[in-house]
Each structure stands twice: as C-alpha cells, then as structure tokens.
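The primary structure of each chain is shown beneath.
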Amino acid sequence: MMTGNIRRGSGVAAALVLALALSGCGAMPTSSSVQAVVLDQPLGGEEQIEVQASDPVKGSDPDRIVRDFIQAANSPRGDFATARKFLAPSVAWQPNQSVTIDSFNERELSEVAEDGTVTMTVKPVAVVDEEGVYRQAAPQPIVLPFQLEKQPTGSPDAGEWRITSAPDGIVMESNLFYASYQSTSLMFFDPTFHYLVPDQRYFPKLGAAERTVAALLRGPSADIAPAVRTAIPDGTTLQDGSVVQADSGTTVSFAELPTDDSRTLGLMKLQLERSLGASSVTMSVGATALSPAPQTVDAGTVDSTLFALTGNGAVTVSGNSLTPSELLAVDIHETSPNALVLISGTGTSAAPAVAVGRGQDGTVYRYTDDADRVVLDNRPGLIEPTVDPEGFVWTSSADPSSLKVSSPQDQEIPLTSGITELTSVQAMQISRDGTRLAVLGTEGSSAILGWFPVLRGADGKPTGLGEFKRLRDLSGTGLDVAWLDPLTVGVLSREGTDTWFGSDSIGGVRDGFRAPDGAAHLAGVNRTANVRLLSSDGTLYSRRNSVFQKVADGITVLANVQTVIR
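### Describing the nonpolar core
Ranked by size, the top nonpolar core spans 44 residues in total, and within it Val252, Met268, Leu272 and Val489 carry the most contacts. Considering every element that reaches this core, the biggest residue donor is helix α6 (residues 262–276), with 6 residues. Excluding residues within four positions of it along the chain, Val489 makes contact with Ala438, Leu449, Leu471, Val481, Ala482, Trp483, Leu484, Gly502, Ser503, Asp504 and Ile506. Counting 34 residues, the second-largest nonpolar core is a separate cluster that includes Ala72, Ala73, Val118 and Leu176.

### Considerations on the sheet that holds strand β23 (residues 364–368)
The strand order β24-β23-β22-β21-β43 describes an open sheet built from 5 strands, whose pairing is mixed. Taken across any chain shown, the strands that pair with only one partner, and hence form the sheet edges, are β24 (371–377) and β43 (560–562). Across the sheet, the mean angle from the axis of one strand to that of its neighbour is 20°, orientation sign disregarded.

### Quick word on the side chain of Gln562
Looking at the secondary structure, you find Gln562 in strand β43. Look at Gln562 and you get buried, because its relative accessible area is 2%. For Gln562, the side chain forms a polar contact with the main-chain oxygen of Val387, separated by 3.0 Å. Setting aside residues up to four positions removed in sequence, Gln562 forms contacts with Val302, Val341, Leu342, Ile343, Ser344, Val387, Asp388, Pro389, Ile430, Ser431 and Arg432.

### Here we look at the environment of Val143
Assignment of secondary structure puts Val143 in strand β9 (residues 142–150). In the structure, Val143 is positioned 24 residues away from Pro167 in sequence and 9.9 Å away in space, judged by C-alpha atoms. If near-sequence neighbours (up to four positions away) are discounted, Val143 is found in contact with Thr119, Met120 and Thr121.

### Overview of unusual backbone geometry
One non-glycine residue with positive phi stands out, namely Asp79, at about 55°. Positioned with a positive phi, Phe193 is a non-glycine residue whose angle comes to about 60°. Residue classification places Phe193 among the partly exposed positions, given a relative accessible area of 21%.

### Quick word on the pairing of strand β11 (residues 170–173)
Residues of β11 alternate between two faces, with Ile170 and Met172 on one and Val171 and Glu173 on the opposite face, all of them buried. Judged from the 4 bridges that link them, strand β4 (residues 98–102) and β11 form a sheet pairing that is parallel. Bridge pairing links Asp102 to Glu173 in β11.

Reading the values: the criteria
Residues numbered from 1 in each chain as written. Predicted model: local features only at pLDDT ≥ 70, side-chain atom pairs only at ≥ 80, totals over all residues. Heavy atoms only, no water. Core = buried A, V, L, I, M, F, W, Y, C linked by side-chain atoms within 4.5 Å. Buried < 20%, exposed > 50% of the residue type's maximum accessible area, 1.4 Å probe, protein only. Helix = DSSP H or I, 4+ residues; strand = E, 2+ residues; numbered from the N terminus. Contact = heavy atoms within 4.5 Å. Pairing = 2+ DSSP bridges. Axes fitted to C-alpha atoms, helices over the stretch in contact; angles between N-to-C directions. Polar contact = N/O pair within 3.5 Å; in protein donor to acceptor, adjacent residues only side chain to side chain.

What follows is the structure in structure tokens.
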C-alpha cells in the first residue's frame, strides 16, 4: 500500500494523496517504499506532487525488492537515485525511456524462480515515451522480467537481494501519474509562421520547465513533424540551470545559439513563452542578454457564435439564444444547402459573408454575399466539405482516393499523397491551424477515428498528407467529426440504438459519454466545453459538463466555422 504524507497543501490535494494511498490496498503485500507529497511554495500557484521513495528494507526477499523498486522508480529526484539502490552495481537501467501507466490493483507478481527471476504482469492504460509523447496502450497485459542475485561477501549490500537486470522505463499507477506529471503543449509553427501549433507532451512536475525547454530544442514529435516548423536553429544548446522561474519572470540561458537574427529570436521567444505558459521570457547566451524583435501570430480561434439554418431562414446561435440572420440569404434560398462551413469573421459591413456549402443537388459551392456563387466540386456522393485557414477547400466522396483540394482562386491543387489506410471516409475536418486533417472512416468493416499531418509549402499551399495517425477504433458506426480546440477531436458514433459522443486529445487522454438519441452532426468552437449537437429531427443541443441540454427545435443545418487568414 502506498502511504500519503502531506507537508502543507489544500484539502483537495490531501484527498488526492489519500486516494492514491488507498488505491493500492489489498493488491499486494504492504510496502512503504513510496510517499506522495505536495511541494511547498508551488510555482504559478499550482500544486506540485512529488513522489518520495525509501531505501531498500534490509532482509527483503526478491518479490519485495521488485515491488519496492517499481514504486521507488516513481521518484525522479537525483536521477532516480533511490531506485538505483535496488540495483546491483553497474546495472544499465534507462528509467527515462518510457512510463507505463497502469492500474495498481491489477499488477501480478510471479513466484521467484530458482535462478532468481521474477516477472511482474501489468495491464497498461497508456505509455509515455522518452520524449513525453503519450499514447493509449493496447489492452493486452505486458510482462516485465527482473533478474536478481544475492550480493557477494565484501560488497556494500552483502547478503542482500539486488536486481541485476531490469526492463528500461518505469511503471506508474494511473492516479499517481496524473497527479505527478503535467500536460505541456510544446509550440511549433505552421509552415507559413502564422500559427503556433501545439505538440502535447507529459513531463514530471518536478523539473518540468527544464524538460519543456530541452524537448522544445529537440524538435516536434515524429507524428506532427512533417506539418510544422521551428524557429530554434540546429546546434542550439542550453546552459546548466538554464531555466529560472521567478515572480519577476522567466529566464532561459543558452550555451550555444547559432543566430543573432532579431526576427528568429523573436519567434523563439514566442515558442518559449507559449510552451512554458510564461507571460514573458528573457533569453541570454552566457551573460549576454538577447534583444529579439517582437513577433505576433494569429490566435487560431473562430467566432464563438455559430451559424445555423431553419425552415424560416438563417439564425446565429450564441449560448442558448437564436437570432435571425440575413447572411447568404439568396444562395441559401436557391440551393438549400445541407452542409455549410462559414468563414469566421465575415458577414460584416467590411467583410461580406463567405461560406462553403453542399447544396441539395450534392454540389459543393463557394457562397459570397456580394458575388455569384462558384461551383467547386460537382462529383456525386460528396461528403461535407472542410476549409483550411489558407482558404483551400477540401472535398471528397466516401472513396478515400477522391480527395480534392481547391484553391481560393477556385483552381484544383494536385496532391502528392492523399487519404491512405482507410477503406472509406464518412467525415473530415481541418484543424484551426491547418496542420491536421481529422478523418472519420472505416478500415475494412471497422469504424476508425484518426488524423493526417497536412503537408504545405512556405506559401501555405497544400502538397499532400503525411502518415495516418489512429486515435480510436469505434464500436458501431461513425457519424461525424469536428475539432473542439487546437488539440481535441470530437466524434459522434452510433452503437445499436445508442449514440455516443467522444473527445480525443491528440497526445493525451480521451473521454466519452452518451449523446442524445438521433444526434447526427456536431460543431465545436474554441473549447471542448462549447460543443453543439444537431439531431436528425432538427433538435439543437449544447454541452453542459457530461450531458447535452436542448437549445432549440427546427434547425436544419448547423454550420462549422473556420477562420481564413488570406
């Protein structure tokens, strides 16, 4: 059983650590090798949970040594100094290679074999790799082998069992992981340097700032790397104690920085500030302070007011309020679109309303309040179109090979690679920053949710798609997909007579709960909480925590929104 001990902290933290302690009771013989504590004076007002480990207990048998080692390895302090005391001298163990997140109560330890072998079987929930990338784990149990030997006479631990071979990485119970690790979004740029693009990682709260900056210098994760850029030059290195956080601000000190270009330094400063969550970062090389030129990027957000169609015309949806609208009235009347993407920020006296929609005839049009509509794609069987922030329109039928991209000048853009690994496509949507294409489709006969990195040139022109990244397999039939925030994809699916809403954070955790019967379309805005659902009978719902509340009846189309910067 893990025991909890708190040096000053809130009642919430106390309850958390107590819950961690109790979660291990009854699963294995009692062990006192690990304690979870709240650090004094947490930075930024957020409590930092640190695991404190105890040394090996003299006379422990091999199975207790393994159990206590697993728990002691939850403390990274001093390069896992306490955990290394359970190892025989010169044992090569790489704790930073991965974190296997599991359920403490489901760990199983084997009997000790004659040769000193002990195995622990764990059921992983997720795995975090050495770069902090979080992935949902396959549901199959994994077996971790340990080899132990009694230490010879004359050695510091003579007569004691010590581990002579251990699998790299550490194992951490899920509640303790989420308490002692923090989610961090490393920020990189889209190829045009108009947007900052999040790349989610998980780092221990202890030393998280230093790990964040070091990971930022190493670059984006393999999944998103083809779609993003960094302003940090190759060869950039950090000084020891490189990140100092204080009430007066955050300082990052470099040992080597092969650039003095003020714009590049300004972009680096943006990456550091947003990745660290700091209001301001001061950069230096050695003792020399740097003077970056101020840089800005687009916020990557859309209007929080949604646009919808009813049998009596268009309306805007703000909270639970519906207001009649005259936007695109002529085109809506003449084509009766059944799917629509409204360009965020249009529909004002300075910016005529612009939208892309699929009419009742199945044709995808570009609608503009002060101009004739344009036919973008009239192939049969088109799914709902999506628009990226550069103004390119993406269309496809259920056939994955039919993906087509049209430029803002209404010209077809050839792609070097398209949607692969899928048998069919039900729905797709481009992220607000234009770097990811979320796709709901099938693989064989199974419904699947995933995404592709979007490949672009420096001018923003799409050139193709990268390798498909699986988010989840769905039970039943996929219905719709939408971006809920820069990292979270929402999905609707139906299993039998039940409809389900799910949200998947790319590089993070997933969630899901029952949706209203008949829900068929969803639209997100800028936060995961701001989700609207539209049912097949025209009922509009708004999310409230883990339920959906009715907003209105008589809605025929709920538009998605996208900001276009060009």
